[in-house]
Amino acid sequence: MTNKDFFAALADLEKEKGIPRQVFLDALENALASACKKQYAGAMGTVEIKTNPEKGTIEFFTVRTVVDEVVDCESEISLEDAQKIKKSYKIGDRASEKFVPKDFSRIAAQTAKQVILQKLHETERDAALNEFSDKEGELLVGVVRKIDAKNVYIELGKGQIEGLMLPSDQVPGEQYNVNDKIKVFVKRIKNGFRGAQVLVSRASAGLVRKLFEEEVPEIKQGTVVIKEISREAGARTKIAIYSEDPRVDAIGACVGNKGARVNAIVEELKGEKIDIIPWSENPLEFIAKALSPAKVISVTQLDDDKTAMAVVPDDKLSLAIGKDGQNARLAVRLTGWKIDVKSESAAKKLGIETHSSEDEGDLA
């Protein structure tokens, strides 16, 4: 079987796609062997294909094991018959016999073609994935291509890679529609049942971090540092920041002129509230700031390690705790401390003296 045009096409693909010709040849050999096996089911042993790009030939061989007594005629051949093919064959050898398929049907040929195309697709996908290997933790723009009952599939890059956004990575209340262009955070690349997958997220705190890095030059330059982020996607995020340069106002840098920078991020997050918190080495002072937007009267460290009591004005208790405890919960995650929030009147009933949290001595 000769087809020099076919091998020439493979050489062109190697130049165009940068994929080694041997990758296609291996796929071709496997595909033809599989198709041949189906075509001659039960009539021959293992089918092996040998390709010779230089000569432009494809040769077919049936391979069977040489035995004293044949039990399985499909996979075994007697010593006598084997030596008719080649006199040097002996018991235990794999006897290879060349054959030419006379009725290698159109269906079999199409099967081989499909497998080769699939291998081409897989190889291109793997090559694209290699380019994405350093994209973990990055922010990418993608286009929603498919939505099923739970998952959202997003086209990334030049369309060669599909990002998967699982339900846990979707923001409650956000609507995703086919052809929507959205920003996503690349969580990780993993090998799944259907091959490699790029897992992306809209709900990750990493998305907020990258949006601030993108919007605030001082963060990208390293002058302003994001210390911690706690987030309940779709509702509220608290982000703790710190300026490495005393001349640079970290809060001002993140807010921007007339709130332009933070408003751009809020818009991208579909109205999610963002509390920008100044980070402090003093954990009690940090806790007081973390309970923003509530004003905190005092914070006292309790006997337990990393446990504190925060006292707030009576009329600010619900604000400090937040709806369903959200504000306090986010403050706990942000600071890493367990926080017991008390109203000023409740603290006085317990005999706890309260002082302004602005007094650094009380927070030490």
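Residues numbered from 1 in each chain as written. Predicted model: local features only at pLDDT ≥ 70, side-chain atom pairs only at ≥ 80, totals over all residues. Heavy atoms only, no water.

## Comments concerning the overall build of the protein chain
Rule in force here: Strands here are runs of E lasting at least two residues and helices are runs of H or I lasting at least four, both read from the DSSP assignment and numbered beginning at the N terminus. For each residue, the accessible area found with a 1.4 Å probe, counting protein chains only, is set against the maximum for its type, and the residue is called buried under 20%, exposed over 50%, and partly exposed in between. Here, two residues are considered to be in contact whenever any of their heavy atoms come within 4.5 Å of each other. Under the convention used here, a 1.4 Å probe and the Shrake-Rupley method define accessible areas, while residue burial counts only the protein chains that appear.
The secondary structure content of the protein chain amounts to 13 helices and 15 strands. Here the protein chain, with 364 residues, has 42% of them falling under the buried criterion. In the protein chain, the proportion of contacts linking residues at least 24 apart, taken out of those at least 6 apart, comes to 58%. Summed over its atoms, the accessible surface of the protein chain is roughly 20,600 Å², and 47% of this surface lies on carbon and sulfur atoms.

## Quick word on the packing of helix α5 (residues 205–215) against helix α8 (residues 260–268)
We count it as follows: To obtain an axis, a line is fitted to C-alpha atoms, over the contacting stretch when the element is a helix, and the angle between two such axes runs from 0 to 180 degrees between their N-to-C directions. Throughout this description, any angle smaller than 35 degrees is read as roughly parallel, any larger than 145 degrees as roughly antiparallel, any in the 65 to 115 degree range as roughly perpendicular, and the remainder as oblique. Should the near helix be turned anticlockwise from the far one by less than a right angle, the crossing is left-handed, and should it be turned clockwise, the crossing is right-handed. Think of it as three bins: nonpolar holds Ala, Val, Leu, Ile, Met, Phe, Trp, Tyr, Cys and Pro, charged holds Asp, Glu, Lys and Arg, and polar takes everything else, Gly as well.
Running from amino to carboxyl end, α5 crosses α8 at an angle of 140 degrees, the nearest separation of the two axes being 10 Å. As far as their axial angle goes, α8 and α5 are oblique. Viewed along their axes, α5 and α8 form a crossing whose handedness is right-handed. Residue-level inspection shows L211, F212 and E215 of α5 in contact with α8, the latter providing R261, V262, A264, I265 and E268. When its residues are assigned to classes, the contact of α5 with α8 shows five nonpolar, no polar and three charged.

## Here we look at the side chain of T51
What counts here: Think of a polar contact as two N or O atoms within 3.5 Å of one another; within protein, one of them needs to be a possible hydrogen donor and the other a possible acceptor, and neighboring residues in sequence only count if both atoms come from side chains.
Relative to the assigned elements, T51 resides in strand β1 (residues 46–52). Taking the relative accessible area as the measure of exposure, T51 reaches 18% and is therefore buried. Within the structure, T51 has its side chain in polar contact with the side chain of E29 (distance 2.8 Å). For T51, the residues in contact, after removing those within four places along its chain, are F7, L25, L28, E29, T57 and I58.

## Comments concerning the pairing of strand β11 (residues 236–243)
Put simply, the rule reads: Strand pairing is assigned whenever DSSP identifies at least 2 bridges connecting the two strands.
Counting buried residues in β11 gives seven out of eight residues, a clear majority hidden from the surface. Inspection of the sheet shows strand β10 (residues 224–232) paired to β11 by eight bridges, in the antiparallel sense. When the sheet's bridge partners are listed, V225 is paired in β11 with Y242. Count of turn residues in the β10/β11 antiparallel hairpin: three residues, of which G234 carries a positive phi of about 90 degrees. Both β11 and strand β12 (residues 273–278) contribute to a ladder of six bridges, which runs parallel. What sits directly across from T237, in β12, is I274.

## Description of α8
Counted only if it meets this: This arc is built from the directions going out from the helix axis to the C-beta atoms.
Those residues of α8 that sit buried are V262, I265 and E268. In a view along the axis of α8, the buried residues occupy a sector of 120 degrees, so they form one face of it.

## Topic: the sheet that holds β11
Backbone hydrogen bonds are what pair the strands of a sheet, in a parallel or an antiparallel way. If you trace the three strands from one edge of the open sheet to the other, you get β10-β11-β12, paired in mixed fashion. Of all the strands in the sheet, the pair left with one neighbour each is β10 and β12. Each strand axis lies, on average, 20 degrees off the axis of its neighbour in the sheet, ignoring direction. The strands touched by helix α9 (residues 283–290) are β11 and β12; relative to β12, the strand with the most contacts, the crossing angle is about 155 degrees.

## Description of the packing of aromatic side chains
Keep this limit in mind: A pair of Phe, Tyr and Trp rings is counted when the ring centres sit within 6.5 Å of each other, with Trp represented by its six-membered ring. The angle between the planes then sorts it: under 30 degrees is stacked, over 60 is edge-to-face, the rest tilted. The criterion is that NZ of a Lys, or CZ of an Arg, lies within 6 Å of the ring centre and within 35 degrees of the ring normal, and then a charge sits over that ring.
Within this structure, the stated rule accounts for two aromatic pairs. Note on Y242 and W279: the rings are 5.5 Å apart at their centroids and 85 degrees apart in plane angle, and the pair reads as edge-to-face. Of this pair, Y242 sits in strand β11 while W279 sits in the loop between β12 and α9, and the two are 37 residues apart along the sequence. Judged by its relative accessible area of 32%, Y242 falls in the partly exposed class. Geometry around F61 places K50 over its ring, the cationic atom sitting 4.9 Å from the centre. Taking the ring centre of Y89 as reference, the NZ or CZ of K86 above it sits at 5.7 Å.

## Considerations on the sheet that holds strand β15 (residues 338–343)
As summarised here, the arrangement of the three strands in space is β13-β14-β15, forming an open sheet in which the pairing is mixed. For this open sheet the edge positions go to β13 (298–301) and β15, each flanked by a neighbour on one side alone. Neighbouring strand axes in the sheet, compared pairwise and without regard to direction, differ in orientation by 25 degrees on average. With six bridges connecting them, strand β14 (residues 307–312) and β15 associate as parallel partners. Considered in β15, the bridge of T307 is made with K338.

Don't take any of this as a statement about function, it's just geometry.
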